[in-house]
Amino acid sequence: MIKYLYSFVIAAVLVFIQVSILSVFNITYNLNLLLVFLIFTTIIFGLKRSIIFAVFIGLLINIYSFLPFTTIFIIYLIIIMLINYLYKNVFTNFSYFSSLILAVVGTVGYSLLTAVFAYFFYIINLTNIYIIIDYNYIKNIIAAIILNLILISVFYLFAKTTIKTLNLSLVLKNEL
Amino acid sequence: MKKKSKNKLFIYLSLAVFILLIFLHFLGFLNIPVSFVLDKFSAGQNSSFSFFTKLKYSFINFQEAQDLKNENQELQQQINQLLAENTQLLALKSENEQLRQILNFNKDSEHDYVMSKIVGKDINRSNTFIINKGKNDGIALDYPVIAGHGVIIGKIIEVRNNISVVLLLTDNLSQLGITKQDLNKSIGLAQGEFGLSIKAELIPQDIELNEDDIIISSGLEKIVPRGLIIGRISRITSTENDLFKSAIISPVLDYQELTVLSVIIPKIYQND
């Protein structure tokens, strides 16, 4: 129970930072802290833990979105399952390169799924707007990829240092 | 093997929770927890949004002398106020003339306002604001949102019980009927351009347009009243050979600097 409570508090803090701090600055608007966190959680702690985070983060962030309730949770769920599959079947170890590739796949997948879901809900009249795929959209995806790569690099460095210092190699569940 | 089946069970369990959540959401059972979370969040969110917005602009204006900035802001406020008053007076004058002609006073132009604070932005749509007022405060879809003294900045596109999402006029999907201050009829359509400016389109060639003309809402839509300032014409982009005129409208306010907004609630909808 305490584990779930911790997860909820972490999710709430991350959502708060994303909605009310990162969105203020033009340079950080495209940075998807929540997505990068989920991708990294999937790599480090495995699918189960990241699903718990996805539930809390997805539902909380959906309160602040034009998309219908639970949509972002579904998108996160698809992304982390894809990341988990790729990590286990394509990449064999926890490396910097694999983290970067998975961040790119996650960011592009998230952007496309959001656009597809928004358009689907617009067609069935559940939302009033959709996401136009134009030059601006492509520009935002590229900015998001660059920013997310920087962030995942920071996460990677942090994780590597922590694992080395505290000898926590067993934390890497997927490597067992 | 055991671990795999455990993982599968966890995924099925997650899906069951997800279906249950959708079900509970549509039945309205999630309103209380969502309201609780929002109540706890929104005060802090507004404070942090305001703080970081101010911080952002303090960096931008760091090189400027403080007194010059203050003076400029005061003058800008005065201009906006005078602009709003002037626009409203002209709109009222023309409306009054029409009303005198038909001797029938129409009270539909009266509105109530709901003050709201910006708590953030939608992460999937950059040209949006999330405000801390929703259905419980009488807000509904498509209601116009203004800032300062009658400057329209967007419309409501999503309403929850305690929260709403505002789509800015600069978004590509925003559309609004427009006119000039001194005209009674609608002259065209304002449409957002890449989140940066607003484009005025479908303006007949016989309408005279000049740079720096003030463009206001035409009142063509029942919910959006006439006379709300949209911006100034900064550039006329069409030529004489085009079927319609088009122009670029620059908003009179910097949308990114806003922290407080008002939602206009038309009285005709208040008893719904």
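Quick caveat: nothing in here was measured; it's all calculated off a predicted structure.

## As for the nonpolar core
Step number 1: Ile-57, Tyr-64, Tyr-76 and Phe-94 of chain A are the most contacted members of the largest nonpolar core, which has 76 residues in total.
Step number 2: Take this core: its biggest share by element is 11 residues, from helix H3 (residues 47-63) of chain A.
Step number 3: Judged by nonpolar contacts, the second largest core, of 44 residues, contains Ile-146, Ile-152, Ile-198 and Ile-230 of chain B.

## Some thoughts on the pattern of salt bridges
Residues and elements named next belong to chain B.
Step number 1: Going through the model one piece at a time under the given rule, you end up with four salt bridges over all chains.
Step number 2: The closest approach of N and O atoms between Arg-125 and Asp-171, which form a salt bridge, is 2.6 Å. On the criterion of sequence distance, the pair formed by Arg-125 in the loop between strand E1 (111-120) and strand E2 (128-131) and Asp-171 in the loop between strand E5 (164-168) and strand E6 (175-180) is long-range, its members being 46 residues apart.
Step number 3: Assessed through its relative accessible area of 8%, Arg-125 is described here as buried.
Step number 4: Judged by relative accessible area, Asp-171 falls into the buried class, the value being 2%.
Step number 5: Lys-180 is the salt-bridge partner of Asp-213, the closest N and O atoms lying 3.6 Å from each other. Highlighted residues: Asp-213 in the loop between strand E8 (197-204) and strand E9 (214-217) and Lys-180 in strand E6, separated in sequence by 33 residues. The pair Asp-213 / Lys-180 is uniform in exposure class, with both members buried.

## Brief notes about H3 of chain A
Step number 1: Taking 1.5 Å per residue as the helical rise, H3 of chain A with its 17 residues ought to reach 24 Å, and the 24 Å between its terminal C-alpha atoms agrees with that figure.
Step number 2: Burial analysis of H3 of chain A places 14 of its 17 residues in the buried class, the great majority of the element.

## Let's talk about the interface of chain A and chain B
Step number 1: Opposite the 41 residues of chain A that make contact, chain B presents 40 residues.
Step number 2: Across the chain A to chain B interface the summed buried area is about 4,000 Å²; carbon plus sulfur atoms make up 68%.
Step number 3: Applying the counting criterion to the chain A and chain B interface returns zero salt bridges.
Step number 4: At the surface where chain A touches chain B, the tally comes to 14 residue pairs in polar contact (both at pLDDT 80 or more).
Step number 5: Those elements that provide at least two residues to the side of chain A that touches chain B are helix H1 (2-22), H3, helix H4 (71-89) and helix H5 (96-123) of chain A.
Step number 6: Residues belonging to the side of chain A that touches chain B are distributed by class as follows: 29 nonpolar, 10 polar and two charged.

## Focus on the environment of Thr-128 of chain B
Residues and elements named next belong to chain B.
Step number 1: Along the polypeptide, Thr-128 turns up in strand E2.
Step number 2: Along the primary structure Thr-128 and Ala-91 are separated by 37 residues, whereas in three dimensions their C-alpha atoms are 29 Å apart.
Step number 3: When neighbours within four sequence positions are excluded, Thr-128 is seen to be in contact with Lys-121, Asp-122, Val-165, Val-166, Leu-167 and Leu-168.

## Here we look at the pairing of strand E7 (residues 188-193) of chain B
Residues and elements named next belong to chain B.
Step number 1: Pairing of E6 with E7, which is carried by four bridges, proceeds in the antiparallel orientation. Residue Leu-176 lies in a different strand from E7, and its bridge partner there is Ala-190.
Step number 2: Relative to E8, E7 is paired through five bridges, and the arrangement is antiparallel. If you follow Ala-190 over to E8, its bridge partner there is Ala-200.
Step number 3: Between E7 and E8, which pair antiparallel one after the other, the connecting turn spans three residues, and Phe-194 there sits at a positive phi close to 55°.

## Looking at a nonpolar patch on the surface
Residue and element names in this part refer to chain A.
Step number 1: Residues Ile-2, Leu-5, Tyr-6, Phe-8, Val-9, Ile-10 and Val-13 make up a contiguous nonpolar surface patch of roughly 660 Å² in combined accessible area.
Step number 2: Within the fold, Tyr-6 resides in helix H1.
Step number 3: Taking relative accessible area as the criterion, Tyr-6 reaches 57% and is therefore assigned exposed.

## Overview of the side chain of Thr-107 of chain A
Step number 1: Positionally, Thr-107 of chain A belongs in helix H5.
Step number 2: Setting aside its immediate chain neighbours within four residues, Thr-107 of chain A contacts Leu-35, Ala-144, Ile-145 and Asn-148 of chain A.

## A short note on the pairing of strand E10 (residues 229-236) of chain B
All names here are of chain B.
Step number 1: Here E9 pairs with E10 via three bridges, running antiparallel. Bridge assignment links Ile-215 to a residue of E10, and that residue is Gly-231.
Step number 2: Taken together, the four bridges between E10 and strand E11 (residues 244-250) define a ladder with antiparallel strand orientation. Within E11, the position partnered with Ile-233 by the bridge is Ile-249.

## Regarding the confidence of the model for chain B
All names here are of chain B.
Step number 1: Residue-level pLDDT values for chain B average 80, and 87% of them are 70 or greater.
Step number 2: Per-element averaging of pLDDT across chain B places helix H1 (residues 2-27) at the bottom with 73 and E5 at the top with 92.
Step number 3: Scored below 50 in pLDDT, residues 102-109 makes five contacts in the model with residues more than four places away or belonging to other chains.
Step number 4: With pTM at 0.74, the complex prediction returns an ipTM value of 0.74.

What counts as what
- Residues numbered from 1 in each chain as written.
- Chains lettered and ligands numbered in written order.
- Predicted model: local features only at pLDDT ≥ 70, side-chain atom pairs only at ≥ 80, totals over all residues.
- Heavy atoms only, no water.
- Core = buried A, V, L, I, M, F, W, Y, C linked by side-chain atoms within 4.5 Å.
- Buried < 20%, exposed > 50% of the residue type's maximum accessible area, 1.4 Å probe, protein only.
- Helix = DSSP H or I, 4+ residues; strand = E, 2+ residues; numbered from the N terminus.
- Salt bridge = Lys/Arg side-chain N within 4 Å of Asp/Glu carboxyl O.
- Expected span 1.5 Å × (residues − 1).
- Contact = heavy atoms within 4.5 Å.
- Buried area = accessible area lost by both parts, 1.4 Å probe.
- Polar contact = N/O pair within 3.5 Å; in protein donor to acceptor, adjacent residues only side chain to side chain.
- Nonpolar A, V, L, I, M, F, W, Y, C, P; charged D, E, K, R; others polar.
- Pairing = 2+ DSSP bridges.
- Patch = residues over 30% accessible without salt bridge, like charges linked within 9 Å, V, L, I, M, F, W, Y side chains within 5 Å.
- Areas by Shrake-Rupley, 256 points an atom, 1.4 Å probe, with all protein chains shown as cover.
- pLDDT = per-residue confidence, 0-100.

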